[in-house]
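Analysis of the macromolecular model
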Amino acid sequence: MKQVKWLTGIFLPALLMAMLLLACENDLKKVQQISAQEVNKPVDTTKGVDVIYSDSAKVKSRILTPLMLRHTVAKPYYEMPKGVKIIFYDDKMNLSAKNFNADKHIIFTVVADYSITSNDDKLVELRKNVVVTNTAGDVFKTQQLFYDSVKKIIYSKVDCLLTKVDGTVLDGTGFTSNETFTQYHFDHGKGKLITSGNLAE
């Protein structure tokens, strides 16, 4: 009887330990499988990218980035982890060799440290040190900016700062603009507005 108790006292803990080790091994295998799936995701890498986007022979924008990653998953997307510059053009910019004088047709430029673009909803997200500069010299800064090519709007939901050439400085949280960056408003803004003339008159 004592021997049976002794065997039970050894066998049950040993059995529990074996089951625990088996469970840990299965969990580890799951983690390894997930990691392998992440590593094996198909990614196309392109360096020194200079892409021109056009519609009906009219150039809409130009994207320059040192590195573009195309993730060919169920919902494909492009990632630019080493910075990006996007140049937007007016409606008079076209692909004709005679009229391809890019500088005079620039509406504004955007630079950022990182960008990600979805193929499905045509949404471009820019992150970290995002700076927008228009041809007038006005500068808009934020840490996150979205461009929705379907709704044709540019917007931000985080803190942003606009410095105009005339000295006007506006800052706030939440910003929306048309796609030409000519009409915009802050959701919650404040700042210093420079005006000409006498406001009392």
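Quick summary incoming for the structure in this document.

Calculation notes
- Residues numbered from 1 in each chain as written.
- Predicted model: local features only at pLDDT ≥ 70, side-chain atom pairs only at ≥ 80, totals over all residues.
- Heavy atoms only, no water.
- Salt bridge = Lys/Arg side-chain N within 4 Å of Asp/Glu carboxyl O.
- Helix = DSSP H or I, 4+ residues; strand = E, 2+ residues; numbered from the N terminus.
- Buried < 20%, exposed > 50% of the residue type's maximum accessible area, 1.4 Å probe, protein only.
- Pairing = 2+ DSSP bridges.
- Phe/Tyr/Trp six-rings, centres within 6.5 Å; stacked < 30°, edge-to-face > 60°.

Overview of the pattern of salt bridges
Taken as a whole, this structure holds four salt bridges when the rule is applied. A salt bridge links arginine 70 to aspartate 44, with the nearest nitrogen and oxygen atoms 3.5 Å apart. Here the residue arginine 70 occupies a position in strand E2 (residues 58–71), and aspartate 44 occupies one in strand E1 (residues 43–55), the gap between them amounting to 26 residues. Here glutamate 125 and arginine 127 are joined by a salt bridge, their closest N and O atoms 2.9 Å apart. For arginine 127, a relative accessible area of 33% corresponds to the partly exposed category.

Quick look at the pairing of strand E9 (residues 153–163)
Bridge analysis of strand E8 (residues 139–148) against E9 gives seven bridges, and the strand direction is antiparallel. The partner of valine 139 across the bridge, within E9, is threonine 163. Alignment of E9 against strand E10 (residues 169–178), held across nine bridges, turns out to be antiparallel. Among the inter-strand pairings, isoleucine 154 is bridged to a residue of E10, identified as serine 177.

Describing the packing of aromatic side chains
Counted under the stated rule, the structure contains ten aromatic pairs. Ring geometry for phenylalanine 146 against tyrosine 155: centres 5.2 Å apart, planes inclined by 20°, an arrangement best described as stacked. Among the aromatic residues, those joined into a ring-pair cluster are Phe88, Phe108, Phe140, Tyr147, Phe175, Phe181, Tyr184 and Phe186.

By themselves, these are just geometric observations and shouldn't be taken as functional.
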